[in-house]
Each structure stands twice: as structure tokens, then as C-alpha cells.
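Summary of structural features
Below, each chain spelled out in residue letters.
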Amino acid sequence: MKKNIFILLVSFLSLTPALTSAHAFGQQYILPLPVWLYTFGGGAAIIVSFLLIGYFATQPNPKSLQACIELSRWKFFSFFAKPVSLAIFKLIGLVLFIITLTSGIWGSQLPSWNFATNFFWIIFLLGGTYLMALVGDVWEVVNPWKTIALGLGHSKVFQYPSRLGYLPALAFYFFLIWLELLSGGTGAAPQNLSMYLLWYTAITIGGSSLFGIKDWFYFGDVFSVFFRLISKLSPIAYAEGKIKLRWPLVGLLEGTAEHFSLLLFIILMLSSTAYDGFKETFRAYEFISALSFIHSYQNKQLILFFDIFLLFLFIYLIAIWLMKQIVKSDISIKDIALIFAFSLIPIALAYNLAHYFTLFLVQGQQIIPAISDPFNLGWNLFGTSQYAMNVGIMGAKAIWQMQLVFILVGHISAVYIAHILALRTFGARKDAVLSQLPMLAVMVCYTMIGLWILAQPLILP
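For clarity, every value in this text was computed on a predicted model and none was experimentally measured.

Our next topic: the pairing of strand β3 (residues 242–245). Pairing between strand β1 (residues 69–70) and β3: 2 bridges, direction antiparallel. Of the residues in β3, the one forming a bridge with Ile-69 is Leu-245. For strand β2 (residues 236–239) and β3, the ladder comprises 4 bridges, and the chain directions are antiparallel. When the bridges of β3 are listed, Tyr-238 appears paired with Ile-243. Connecting β2 to the next strand, β3, in antiparallel fashion are 2 residues, including Glu-240 with a positive phi near 55°.

Have a look at this one:
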């Protein structure tokens, strides 16, 4: 394991100033500057941002953080908060879930033309992520599994064990990533996807029946945990039946990660996207070729996946340890790690946008003909069955520039949140700034890794 991590680090550090191609959905774009200039330039931008934030940013007044505008006072927004509207949204979520299940079983078994695979992997997982970051945790309302559980009653047999934390959601999240990235295409088969969703439905109903709906969907449901974390970035919040407009990112300052398993969940959000961007590059091929003593290609990919996960976790925990040494805090390393865990969420979203937003724009168009004929019966319900996908919706140059912006904005946001958390935790501005030097190194490292991965030429099929 140490050898594998060492190889990955050497691969990262051995950058040479050479022209390369950027990830752009199969399009090639020759960067006008050497790769090392982009990666080190991105790192320098984060350092400058840190200096500016450290000098100008002060601990915000709690009242200013809570300041918001109640949108539901206006008629347009009040419509979305009405019980009838919420019931309609729940029904829509349930209907879409049923169509996804049934179309996976009885629809076309070509993944690119099947409603279930396109809706679940592209519209729901990717589009849902971007939607939660913009408008808040609407998944709390439309979650079909929660709707089913509520319809079956509020039974509760056992108290949810606090020591478990988010381990059930973490396990399901790993399985979801395995299904998507490591299973060799198992998750792409429409019937397989529907079967997995049926199994997950049974597990979710069982979990909510044993431990109660509130606790299970807070700790155990992977989608609830994932979307709740992403929605912390949103400028829109929901509380007591009201819709409120707040400062973006302020949700990251509300509470901390209560359990180490939630930190692992956030690290997995980061590392899984980095792995997906890295696994089809020449560097990844060289890494896998070095594992000649392992015969299974999938096992090699699994080792690469865990190495990247451990690398991201190692970098973060080393920074936390250094932070504690610098400020000589009495707070434990574990507690400091949990306090700053939410500062990584903007980076997780930035990685997701940089790697998948183009996929969402291009492959997401397949849902347009699929909604008119979800069961491959020759229907044309909405007149879109003959829609032709526009693969060139964005040029490779525009994609690279967009990816660069996503990475930088995400990391600068993370630097700001980490600084505010440091002021809150350590008090004095001097201690807060000094404590953030290790976190700055983390942000610079994550930035450079992200940009370097994006700039690597792919091994095209």
C-alpha cells in the first residue's frame, strides 16, 4: 500500500513542462501553456487568496450569518411552501421513481437509450447535486423512499446506535461508487440497476422500520446524507415551513461533522471524483502496469481507488495534526478534523463540476427522447422521441476554462470557510492564520492535483 501511494505521489510530482490535452468529452484541446504552469499558477492563486482572506476576513457576527430574507412572503415562493404543493412534489418524486424502476426492467436494455440509466446516473445524481447546491435540500421533500416509509407508518423498534454514526450511508456510498466506477459496467445494465434499487428500497424500509424514519434518513440513507451536505453551499434554506435566502456557503458554518464516518464520507466525495478523472489517463495506466503481481484488472482499479482515497485522507489528517502543533490547542486531533470537515465540501462540488458537468450537458440530453418513450414501445408522448443529441454543445477550450474556474472558485471558497472556522475555534486572528498554514498546504495540494488530473491526456477507447 505504501509503495502504491509512493508511486502516485511520484507521478504527481514528476510534472514536466509539456503541451498536453484537456479532458473535454472526447475532444482534444492543446493547452497554450505547459501543464506545470497551470498547476503551480492555480496553487499560487490559492496562496494569494489565503493572504487576502487572512488579512481582511474577521469573525462574522452570528446575527449577520443568520441574516436572511424570507422568500416565502412573496406569493410566487409561498406556493412552493404550501402543503398541497409539497404533496405534489412528493407525488412527482414517487412517480419518477416508479418509472425508473419499471423502465429499467421493461425498457430498452441499451443503457444509452434507457430512461432508468439516463435518469438515475445523469439527471438524478449529477443534476440533483447541482440543483441542491443552487436551491437547497429539496430532496428532503421529494425523496421517494421517505415518502414510502411515511406511508407505511412511524414504527420504531430500536434506538439508532450513536456509535454507528454515518457508517450505513458510507457503506452504501462506497457501493454506489463501486457500481458506477469499479464494477466493470454492472451498474450500466438497466435491469441490474432496477434490481439494485429494489434491494435498496427493501433495506431502506427495513432500516426506517427498525430505527425510525428520522434517524435512518439522517444517518443511513446515502442520498439524504449526500444531498444534505451539498445543500450547505446553497443560498436557499428551508426552516419551519419557510423559504429563506441566505449568504452562500453559510450553511457550512452551521454545526460540525458529528462523527468520523461523516468525514470519511466527505473524503470519499472528493477522492472518488479524482479517481474517476485519473483512472483513464496514461499515468493511471503506468500505475496499474506496476501492479503486475495482481491478475484481475478490477482488483488493480480497486487498489488505485483506495490509494487515492487514503492519499486524500492522509493529506488532510497530516494538516490537522500540524494545525494542532502550531496553535498548541487542547482540542483533540479527531475533534479538530471534524470541525474543519465541512470546509472540504466546496472542493468536492468543484471536482464534481469540473469532471462531470460536461457529461451532464451532453449525455443528459438522452433523457429528452427517453421521456417520450420510457418503455421503448414506440411512443412519442411529448413529441421528443426523435431528438438528436448535440455532442458539440461546448468546445474543448471553453470546457477547460470552465473546469479551471470551478477548481479555483471551489478551493478559494474552502480557504475562506476554513479561515472562519479557525477564528471561531482558536480565537485570536494570529493563531487562526498560523493554524491555517497546514490547511493552506492541503488546499494548494488539492488544487494542483485537481488541475493536473484534468490536464492529463486520456487513453481513448
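Attention now goes to the environment of Phe-278. Residue placement: Phe-278 occurs in helix α13 (residues 260–278). Taking C-alpha positions, Phe-278 is 9.9 Å from Ile-449, a pair spaced 171 residues apart along the chain.

Turning our attention to the sheet that holds β2. Here we have 3 strands laid out as an open sheet, ordered β1-β3-β2, and antiparallel in their pairing. Edge positions in the open sheet fall to β1 and β2, since each of these has one partner strand only.

On to the environment of Asp-335. The residue Asp-335 is located in helix α16 (residues 333–339) in this model. With a relative accessible area of 38%, Asp-335 lands in the partly exposed category. Taking the C-alpha atoms as reference points, Asp-335 and Ala-257, separated by 78 residues in sequence, lie 9.0 Å from one another.

With that settled, consider the pattern of salt bridges. Applying the stated criterion across every chain yields a total of 5 salt bridges. The partner of Lys-279 in a salt bridge is Asp-276, with the nearest N and O atoms 3.6 Å apart. Looking at Lys-279, the relative accessible area reads 17%, which means it is buried. Here Arg-283 makes a salt bridge to Glu-286, at a shortest N to O gap of 3.8 Å. You can see Arg-283 and its partner Glu-286 sitting in helix α14 (residues 282–289), 3 residues apart, about one turn around the helix. Taking relative accessible area as the criterion, Glu-286 reaches 45% and is therefore assigned partly exposed.

Reading the values: the criteria
Residues numbered from 1 in each chain as written. Predicted model: local features only at pLDDT ≥ 70, side-chain atom pairs only at ≥ 80, totals over all residues. Heavy atoms only, no water. Pairing = 2+ DSSP bridges. Helix = DSSP H or I, 4+ residues; strand = E, 2+ residues; numbered from the N terminus. Buried < 20%, exposed > 50% of the residue type's maximum accessible area, 1.4 Å probe, protein only. Salt bridge = Lys/Arg side-chain N within 4 Å of Asp/Glu carboxyl O.

Taken by themselves, the reported measurements are silent on function.
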